[in-house]
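What the coordinates show
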Protein chains: 8
Amino acid sequence: MSSNLHDILTRLKAGELSIRQALGLVEGFERTSDGSALLDTERRQRTGLPEVIYGKDKPYDNLRCIVEHLLETKRELLVTRLNNDIAEKLAQEFSLQHEPLCGAVSKLDVDKELLGLVLLLSGGTSDMHVVKEVELACRFFGVRIEVHTDVGVSGLHRFFSVEPKLKEADALIVAAGMEGALPSVVAGRVAVPVIGLPVSTGYGAALEGVTAMLAMLSSCAPGVSVVNVDNGVGAAAAAARIAFGKRS
Amino acid sequence: MSSNLHDILTRLKAGELSIRQALGLVEGFERTSDGSALLDTERRQRTGLPEVIYGKDKPYDNLRCIVEHLLETKRELLVTRLNNDIAEKLAQEFSLQHEPLCGAVSKLDVDKELLGLVLLLSGGTSDMHVVKEVELACRFFGVRIEVHTDVGVSGLHRFFSVEPKLKEADALIVAAGMEGALPSVVAGRVAVPVIGLPVSTGYGAALEGVTAMLAMLSSCAPGVSVVNVDNGVGAAAAAARIAFGKRS
Amino acid sequence: MSSNLHDILTRLKAGELSIRQALGLVEGFERTSDGSALLDTERRQRTGLPEVIYGKDKPYDNLRCIVEHLLETKRELLVTRLNNDIAEKLAQEFSLQHEPLCGAVSKLDVDKELLGLVLLLSGGTSDMHVVKEVELACRFFGVRIEVHTDVGVSGLHRFFSVEPKLKEADALIVAAGMEGALPSVVAGRVAVPVIGLPVSTGYGAALEGVTAMLAMLSSCAPGVSVVNVDNGVGAAAAAARIAFGKRS
Amino acid sequence: MSSNLHDILTRLKAGELSIRQALGLVEGFERTSDGSALLDTERRQRTGLPEVIYGKDKPYDNLRCIVEHLLETKRELLVTRLNNDIAEKLAQEFSLQHEPLCGAVSKLDVDKELLGLVLLLSGGTSDMHVVKEVELACRFFGVRIEVHTDVGVSGLHRFFSVEPKLKEADALIVAAGMEGALPSVVAGRVAVPVIGLPVSTGYGAALEGVTAMLAMLSSCAPGVSVVNVDNGVGAAAAAARIAFGKRS
Amino acid sequence: MSSNLHDILTRLKAGELSIRQALGLVEGFERTSDGSALLDTERRQRTGLPEVIYGKDKPYDNLRCIVEHLLETKRELLVTRLNNDIAEKLAQEFSLQHEPLCGAVSKLDVDKELLGLVLLLSGGTSDMHVVKEVELACRFFGVRIEVHTDVGVSGLHRFFSVEPKLKEADALIVAAGMEGALPSVVAGRVAVPVIGLPVSTGYGAALEGVTAMLAMLSSCAPGVSVVNVDNGVGAAAAAARIAFGKRS
Amino acid sequence: MSSNLHDILTRLKAGELSIRQALGLVEGFERTSDGSALLDTERRQRTGLPEVIYGKDKPYDNLRCIVEHLLETKRELLVTRLNNDIAEKLAQEFSLQHEPLCGAVSKLDVDKELLGLVLLLSGGTSDMHVVKEVELACRFFGVRIEVHTDVGVSGLHRFFSVEPKLKEADALIVAAGMEGALPSVVAGRVAVPVIGLPVSTGYGAALEGVTAMLAMLSSCAPGVSVVNVDNGVGAAAAAARIAFGKRS
Amino acid sequence: MSSNLHDILTRLKAGELSIRQALGLVEGFERTSDGSALLDTERRQRTGLPEVIYGKDKPYDNLRCIVEHLLETKRELLVTRLNNDIAEKLAQEFSLQHEPLCGAVSKLDVDKELLGLVLLLSGGTSDMHVVKEVELACRFFGVRIEVHTDVGVSGLHRFFSVEPKLKEADALIVAAGMEGALPSVVAGRVAVPVIGLPVSTGYGAALEGVTAMLAMLSSCAPGVSVVNVDNGVGAAAAAARIAFGKRS
Amino acid sequence: MSSNLHDILTRLKAGELSIRQALGLVEGFERTSDGSALLDTERRQRTGLPEVIYGKDKPYDNLRCIVEHLLETKRELLVTRLNNDIAEKLAQEFSLQHEPLCGAVSKLDVDKELLGLVLLLSGGTSDMHVVKEVELACRFFGVRIEVHTDVGVSGLHRFFSVEPKLKEADALIVAAGMEGALPSVVAGRVAVPVIGLPVSTGYGAALEGVTAMLAMLSSCAPGVSVVNVDNGVGAAAAAARIAFGKRS
């Protein structure tokens, strides 16, 4: 894919690149030392967003290889959906930040300039795990995030207290569990793009977030688009694409 | 069940009762002439509500027997969920009112005194079939009904315009299709009992009303109870039980 | 929302209110010390029912802030759906009652006058967790509750032994797991409002209470309205709205 | 399978059998003239029950071949689940009885002695299509059937009026739509085997009979076994197996 | 229900009955000492089968009361679906047999005469938990049970090795997980009543036994009736009703 | 809501406004002549998008009132999801454009300036009904739309032929039925916001578009947000919010 | 993709190719005259199988363009899943064969040599629509197909009569509706690759073929792979890939 | 089944066979010492593949008997889906290899010649448990397996880097979780048989692998056949049948 092959080979010859680095530049991905993962080194260039490592179900040995590889070549990293035991182990081995509410480990550049503004509204206070994942992902992607929790529809005056701020945002992420009604209300009040983020809070008929997801998809307020249940990274990525696009 | 057997036999002997009528008084139900239906003659006495005939899937001949039987002994009747061709045929044969929006035929006593007050709010204007069924059932049960349509959550100011009236009601029926969010908003605003009535309006993720039903059952506003999708008769019956109880 | 702004400011100036209290009176909600929860201080005034705290998935630190805040300003509180370890910890820290059957902690005023009468029937003895949640919620809301367990449809004579008492109630809560048939039988026998409470008891085709929920929603006896699976608080709230309405 | 090969060949040679008949005796099935169907000629011998032809989705030409073939070799036949247009056409071409309520055509020997006794209870009068299919199948299988409709749980006294007869039956088929509660009540009252027959009557949460099916499978009364939604033939076959076994 | 009231009162007066026993005879059920359970003392008389206690979700204290009560008045008992810790505790406290494979405790009369013959076929060796529950329940009900495991459809010759024995049974219970195909094969081979018992063995598309359940309900072989997933007690009860009916 | 009440009353008095117009300005909505619909006159002002009328399930008489009302006050209108018979009737009565592929009628200002650029990619040629709805909605909202059909994943070189154009768009709508894989591929290639639009094309396991919807929500490519199955209006609205936001 | 660009341009210049043909050779697909479809001209070269046109939901005008285009450039074509009215219209306009059982139109080269051998077994005679689609697709792909219908599990001796032929096949397609048990039986008997083809035959618990599909996926016989419900083309394609691979 | 009965009896008499061995040869299966399992000794002969023992839900004592029996008579064995505690215990007792990633124990002949070539592609690195099960099963069946992980659709260039190797394989197994899109892309590029292996990786809308399974079954690329979620053994068996067939 990368056409400047001559340049890469020159740098390899000059010892500026290792063979693995050169291979990565030619192929557009890098193989971890155990060979199992092909890290997508051109993803940021193509999609504007660096790769978040999805940690769920990955064996510890694979995770170690991936983290080690990324720390060699990147200033920042974010691994999500880890079992907290594994997260703690990784955090200690590689001096990373561990956020137990959402099972994430991260190394983030706190001095990085953040662009745009994403507002996250959440219906209650049982969805902190998702709020945290959105916050981490926004910071990793480089977009500014502001959070207002517990403004759900059973006490609408709480929502109205934050309504005036909504218009300043590039995009709104509206998280809600149970009946998932908040995005419909929000999308009926503002012109800003609204991303519905269903949360697994609830029980019985809430079907672990599937009801909220279906409800948001069925919203009577046009212009709500929806991501997977508890998908904080996905909501942040969708919002960041919008915020960055506005600035490009 | 009926203990006054002596009295019934006396009236039978005196010719004041037919054998079928006497049998009905003793057994608590009456057999239609084709033998297929056992009309529950004590239902109003037990439950406060006369029997609504559910017409769906009943063969025409059975329907005829039931209607004929009821017209002999009752001043009013309501048959719902009819195919409109069958409804029209029944309406013409027995001089009944036919409401095509919800496939019902009825004979209602317009001079009957109506008790209490039930308010029906509906989210849009695609649920007229359900609105009509609620209205007919409330009138048949003998409870006063007032309707406010098109006050859904994508334009909340429409809801606020009717909010002051809600407190006067004995019970609220809140109908909504798609994401079914309106009952949560309403139940967060008033102390009146709220009956959620999910409507089959919508497509795709709305799952023919099942999403609205699940959303209402998952409501974050406590005290919403829910009836089946499009179940106008059931919502009216639940509301009438509350309204009548308040007066008893 | 609160229009008596002048009065609030006067009391603030006079030192009768803290800034946080004044803010809560103006806004209609109060922010906990960690900022995550907005406690809906006007809920009782609007809906007749004080706020029950839903404890599931809330981080311990948020729960502490909420409980601490409520204990400062309220005489009673009820937190439900807690993991029992967390419940025990909260109970000890704040001297609360811990009910392990339903994972609740509470502080209830035992001398408070209870109004009305709610009857709870349950089909078996595997649904004690739900029975307990209904009892706690009714007492918290201030409505009298009486319980009859194990009167399910596989031995109907047990139900008939309690039937005479049903008419005295303002509302009936009928809890059942497995096939969820009891509400249909009950609603066919009395005029009192019937709230179906599906329970997660059962396995396989019982689908963790969803079958009972669907069955109750499909009831052939008109006037059954239904709450979420195991939703003791919701059933109690719906019953309390009815009982209080009758008395208003 | 058939071991008396010598005998078959002798009869073939003597002209007592056609080649197709001989082939059928050797193979245990007979090929229709268009080759598409292999009629299971030994089924009655193996299972005690003659083969009912399931007509749904079969092209008309195949149906003709099957009916023609059976009429050559059998005194009786039953084809179910036909589109009524196709049923009428078959009935006229082959002088069969057409029952439009359940889309069946049949030729039944009215003088055949019927064995045992199966009782069919049904909850309402919207399930006549299923009642008819059970009746036809029982007669075809050779078992006596008695029907009591409209004895559902919303008016239990109707059920109690038939209860004394239940003990005389070899097996009970209990049909119910909507919440499907009747089999639980019945199985708690008698020792006779109870076959639950869920019916597709209802709408919304009734899920076209699936809710009744799940509810019957979750019955709290032990000893209810269940057949497919609207499966009148299957319920009749299960009942006949029991009735015949008792007599063998 | 019990009409011989005079006799009961005479025996009470004479000290032959405690008040609780007398109450139980009059009412047809007995209240456990904690008041939560109403033991159905007439169930065997009505349905031919003694009551199996369903242990799942019952608090330990309720279980203790029930077991204690039953041991006072019955020679045998069976409690199923217990967590094995609770089962072990109960077994030790009351000297009961504990079967850990299916979480049951029992006290069975080994000298009791067993009637009839039920055959249990199972598809594999991953369904021993269900096999054990069927065995215990059959013995408790008083019916003879014979078991043949691992005769599933992926190696049909194993099934054919047991086929000759099938005809001797009063009823067949055919247990299968995964695709649940075995009952169709069996019902195509014999005239004996076939009860399909779906098992939760499998993963993914097996949907924890729901696929096997749906497959058995959709069987192309008429006369298969089905019980809930893993419902060994229910299958045994259905088979016992058939076996006892045959002998009555 | 509208504070300039004095001004409205002045214009009313001066005869510049009808009473209904004045009422609409004060309340923020207008009541149609039959009273059933409350048209949300401030929606464009609040959300940037004019109201699309959802026609499904609306009775013809209500539709007529709505269309008549809108034509009096608006230059453009769009009604979607009509039965084509009703659509044709409306189109003729009010001289509207009828698009039978998606059951829409419209009156669009062809000279209106269109802003931004939305690109619609679709996987096949069986989703023309959705493509048409997106096109109409984009034109109604005032955003430029460009369409590339039949670029699905089974022949990826077709997608690569349009890839260079993707970066010019403000937002991409990616429509796909069956397995719904195209949005994942697209979102892995560009930085533009990607809106997944699942289409009901397919059969069996495609579950009428639900599989495509679930697949898009589960996308491994971060930043895909999803609208309801066949929801062309919703996808267009989400895209328009993004495109307009970029320009504001 | 195609590297022989010089050759293509030479032939274009010489008039041997039209511009559209040249464009198709360069791009690897051809645009139909209405621009909506991009026909994948290299599919056979890449995948060994020519493109079958999926006709469902395609507007008639698009279908005409596609068929016209293909007839100009190909000797054979197959369009499936057409509404039979549209199929008949296409067949007449373009002199194609119309197979109404499966809604297909085709032009097939009857003299073409067929390779390999695929055997199709089907459980009953209600699945002729699927059998026909498999036959047409196999002939179109160029693989020999042999069909044995009505060999389902309720009469296993019918299956055994065809068993000896199975080993001669390159691949087996085993079609079954209802409980979908046949593939498990077959895969336990032979070493040939088995492709399960679930059929929508059945009702209720058969869930329109989904139960058969889930059952086949849960098969206890290893090596069954499954295609979508009623997907005759897909089963034929999978079988053809195997048959052709064996010969390559 | 085995016809050479004389030979078996001769060897038994000569002491060359134990009674159990002789019985196994006659019956075609062998009974383990505890009688619960009937090991299918002719499976390899019939299906080309030795029996893999499915360990899930099997009690430890049954597993011990099976493993002991197999080690007496076979050179290799594979037991899958074990709880890792049980797996470790078995591995130590019988000196087997334990692979904790997929809960398998095995004894494999490393010197055995492997035939054919199966290629396994997987979308990510969260599906190692499935990759391992495929690898073990292929080696047990005797087919050569080559693995390429992390080549999913969100970075297609990774897939293109392995594309040239695909044509050398006899069959491709394409594993993917989440949206399960990879098999569609692969099947559009090559003529080799493609077996889709859905993986349970993901959350929420991924429905534990069911979404990937449904998506693969709905693939727009013809010729993808699918096995159960996480069914590594099944995918390997399907691939081995193809690879062996090609060589026979």
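In case you missed it, the structure is sitting above this.
Residues numbered from 1 in each chain as written. Chains lettered and ligands numbered in written order. Predicted model: local features only at pLDDT ≥ 70, side-chain atom pairs only at ≥ 80, totals over all residues. Heavy atoms only, no water.

1. Observations regarding the overall build of chain A
The helix and strand tally for chain A stands at 10 helices and 11 strands. Projected onto its principal axes, the C-alpha positions of chain A cover 65 × 40 × 30 Å. Classification of the 248 residues of chain A by burial places 65% in the buried group. Long-range contacts, defined here as pairs at least 24 residues apart, represent 64% of the contacts in chain A between residues at least 6 apart. Put simply, chain A shows about 8,800 Å² of open surface, and 50% of that area lies on carbon and sulfur atoms. One finds the centroid of the 26 positive side-chain charges in chain A at a distance of 4 Å from the centroid of its 31 negative side-chain charges. (Helix = DSSP H or I, 4+ residues; strand = E, 2+ residues; numbered from the N terminus. Buried < 20%, exposed > 50% of the residue type's maximum accessible area, 1.4 Å probe, protein only. Contact = heavy atoms within 4.5 Å. Areas by Shrake-Rupley, 256 points an atom, 1.4 Å probe, with all protein chains shown as cover. Lys, Arg positive; Asp, Glu negative; His and termini not counted. Charge placed at Lys NZ, Arg CZ, Asp CG, Glu CD.)

2. Side note on the interface of chain H and chain F
Listed per partner, the contact involves 23 residues of chain H and 23 residues of chain F. Surface buried jointly by chain H and chain F totals about 1,900 Å² across both partners, of which 70% is contributed by carbon and sulfur atoms. Summed over the shared surface of chain H and chain F, the number is zero salt bridges. Scanning the region where chain H abuts chain F turns up eight residue pairs in polar contact (both at pLDDT 80 or more). Elements supplying a minimum of two residues to the side of chain H that touches chain F: helix H7 (156-162), helix H8 (182-187) and helix H9 (210-217) of chain H. In terms of residue count, the dominant contributor to the side of chain H that touches chain F is H9 of chain H (four residues). Partitioning the side of chain H that touches chain F into residue classes produces 14 nonpolar, seven polar and two charged. (Buried area = accessible area lost by both parts, 1.4 Å probe. Salt bridge = Lys/Arg side-chain N within 4 Å of Asp/Glu carboxyl O. Polar contact = N/O pair within 3.5 Å; in protein donor to acceptor, adjacent residues only side chain to side chain. Nonpolar A, V, L, I, M, F, W, Y, C, P; charged D, E, K, R; others polar.)

3. Observations regarding the relation of the copies chain F and chain A
Copy one and copy two of the chain differ by a rotation about an axis and a translation along that axis. The transformation that overlays chain F on chain A combines an axial shift of 0.0 Å with a rotation of 180°, and the residual RMSD is 0.1 Å. Overall, the copies show the geometry of a two-fold rotation axis. With an isologous cut-off of 70% or more, the 100% of interface residues of chain F that recur at the interface of chain A puts this contact in the isologous class. (Least-squares fit on C-alpha atoms with pLDDT ≥ 70 in both.)

4. Describing the sheet that holds strand E5 (residues 97-99) of chain A
Residues and elements named next belong to chain A. The strand order across the open sheet formed by four strands is E3-E4-E6-E5, and the pairing between neighbours is mixed. Every other strand in the sheet has two partners, leaving strand E3 (53-54) and E5 as the edge strands with one partner each. Inspection of the sheet shows E3 paired to strand E4 (residues 77-80) by two bridges, in the parallel sense. Note on E4: the bridge partner recorded for Ile 53 is Val 79. (Pairing = 2+ DSSP bridges.)

5. Description of the sheet that holds strand E4 (residues 77-80) of chain F
Residue and element names in this part refer to chain F. Taken in spatial order, the four strands line up as E3-E4-E6-E5 in an open sheet, and their pairing is mixed. Two strands close off the open sheet at either side, each with one partner strand: strand E3 (53-54) and strand E5 (97-99). Along the sheet face, helix H4 (residues 60-73) touches E3, E4 and strand E6 (104-107) and points at about 160° away from the line of E4. Across the face of the sheet, helix H5 (residues 84-94) comes into contact with E5 and E6 while running at roughly 165° to E5. (Axes fitted to C-alpha atoms, helices over the stretch in contact; angles between N-to-C directions.)

6. Here we look at a negative patch on the surface
Taken together, the side chains of Glu 208 of chain A, Glu 208 of chain C, Glu 208 of chain E together with Glu 208 of chain H make up a negatively charged region of the molecular surface. With relative accessibility at 64%, the residue Glu 208 of chain H sits in the exposed group. (Patch = residues over 30% accessible without salt bridge, like charges linked within 9 Å, V, L, I, M, F, W, Y side chains within 5 Å.)

7. Quick notes on the environment of His 148 of chain F
Residue and element names in this part refer to chain F. Summarising the element assignment, His 148 is placed in strand E8 (residues 143-148). For His 148, a relative accessible area of 12% gives the class buried. His 148 sits 26 residues away from Val 174 along the chain, and the two C-alpha atoms are 9.8 Å apart.

8. Focus: the relation of the copies chain H and chain F
Superposing chain H onto chain F takes a rotation of 180° plus a shift of 0.0 Å along the axis, which leaves an RMSD of 0.1 Å. Most of the interface of chain H is mirrored in chain F, where 100% of its interface residues again form contacts.

9. Observations regarding the pairing of strand E8 (residues 143-148) of chain B
Bridge count between strand E7 (residues 115-122) of chain B and E8 of chain B: five bridges; the pairing is parallel. Across the sheet, residue Leu 119 of chain B finds its bridge partner in E8 of chain B, namely Glu 146 of chain B.

10. Some remarks on the packing of helix H6 (residues 128-141) of chain A against helix H10 (residues 232-247) of chain A
All names here are of chain A. The interhelical angle for the contact between H6 and H10, taken along N-to-C directions, is 40°, at an axis separation of 8 Å. The angle between H6 and H10 falls in the class oblique. Of the two possible hands of crossing, H6 and H10 adopt the one that is right-handed. The segment H6 lies against H10, with Val 130, Glu 133, Val 134, Ala 137, Cys 138 and Phe 141 engaging Gly 232, Val 233, Ala 236, Ala 237, Ala 240 and Phe 244. The residue makeup of the contact of H6 with H10, split by class, is 10 nonpolar, one polar and one charged. (Parallel < 35°, antiparallel > 145°, perpendicular 65-115°, else oblique. Left-handed = near helix turned anticlockwise from the far one by under 90°.)

11. Focus: the interface of chain F and chain A
Contact with chain F, which involves 31 residues of that partner, is made by 31 residues of chain A. Summed over both partners, the interface of chain F with chain A buries about 2,600 Å², with 56% contributed by carbon and sulfur atoms. For chain F, the biggest contributors to the area lost against chain A are Leu 217, Pro 222 and Arg 241 of chain F; these three give 25% of the whole. At the boundary of chain F with chain A, the tally comes to zero salt bridges. At the boundary of chain F and chain A, one finds 14 residue pairs in polar contact (both at pLDDT 80 or more). Those elements that provide at least two residues to the side of chain F that touches chain A are helix H3 (43-47), helix H9 (210-217), strand E11 (224-226) and helix H10 (232-247) of chain F. Among the elements that line the side of chain F that touches chain A, the one with the most residues is H10 of chain F, at seven residues. Along the lines of polarity and charge, the residues of the side of chain F that touches chain A split into 16 nonpolar, 10 polar and five charged.

12. Examining the packing of aromatic side chains
Under the counting rule described, the total for this entry stands at 28 aromatic pairs over all chains. Through successive ring pairs, a cluster of aromatic residues spans Phe 159 and Phe 160 of chain A together with Phe 159 and Phe 160 of chain B. Against the face of Tyr 60 of chain E rests Lys 89 of chain E, its NZ or CZ located 4.2 Å from the ring centre. The cationic tip of Arg 81 of chain H hangs over the ring face of Tyr 203 of chain E; the distance from NZ or CZ to the ring centre is 3.9 Å. (Phe/Tyr/Trp six-rings, centres within 6.5 Å; stacked < 30°, edge-to-face > 60°. Lys NZ or Arg CZ within 6 Å of the ring centre and 35° of its normal.)

13. Concerning the arrangement of the chains
Note that chain B does not reach chain G: the shortest distance linking a C-alpha of one to a C-alpha of the other is 16 Å. No part of chain C reaches chain G; the closest C-alpha pair between them is 12 Å apart.

14. Re the pairing of strand E10 (residues 194-198) of chain H
All names here are of chain H. The element E10 is extensively covered by neighbouring structure, given that five of its five residues are classed as buried. Here E10 shows no split at all, with Val 194, Gly 196 and Pro 198 on one side and Ile 195 and Leu 197 on the other all buried. Taken together, the five bridges between strand E9 (residues 171-176) and E10 define a ladder with parallel strand orientation. Across the sheet, residue Ala 175 finds its bridge partner in E10, namely Leu 197. Between the parallel pair E9 and E10, the chain is carried across by H8, and the sense of this crossover is right-handed. As a crossover connection, the stretch from E10 through H9 into strand E11 (residues 224-226) is right-handed. (Right-handed = clockwise from strand over helix to strand, strands pointing away.)

15. Describing the side chain of Asn 62 of chain G
Relative to the helices and strands, Asn 62 of chain G is located in helix H4 (residues 60-73). What makes Asn 62 of chain G buried here is its relative accessible area of 8%. At 2.8 Å, the side chain of Asn 62 of chain G forms a polar contact with the side chain of Asp 34 of chain G. The contact partners of Asn 62 of chain G, leaving out residues within four places of it in the chain, are Met 128 of chain F together with Asp 34 and Ser 36 of chain G.

16. Concerning the packing of helix H4 (residues 60-73) of chain A against helix H5 (residues 84-94) of chain A
Residue and element names in this part refer to chain A. H5 packs onto H4 with a crossing angle of 35° between their chain directions and a minimal axis gap of 11 Å. Seen from above, H4 lies across H5 with right-handed handedness. Only Ile 86, Lys 89, Leu 90, Glu 93 and Phe 94 of H5 make contact with H4, whose side of the interface consists of Tyr 60, Leu 63, Arg 64, Val 67, Glu 68 and Leu 71. Partitioned by chemical class, the residues of the contact of H4 with H5 number seven nonpolar, no polar and four charged.

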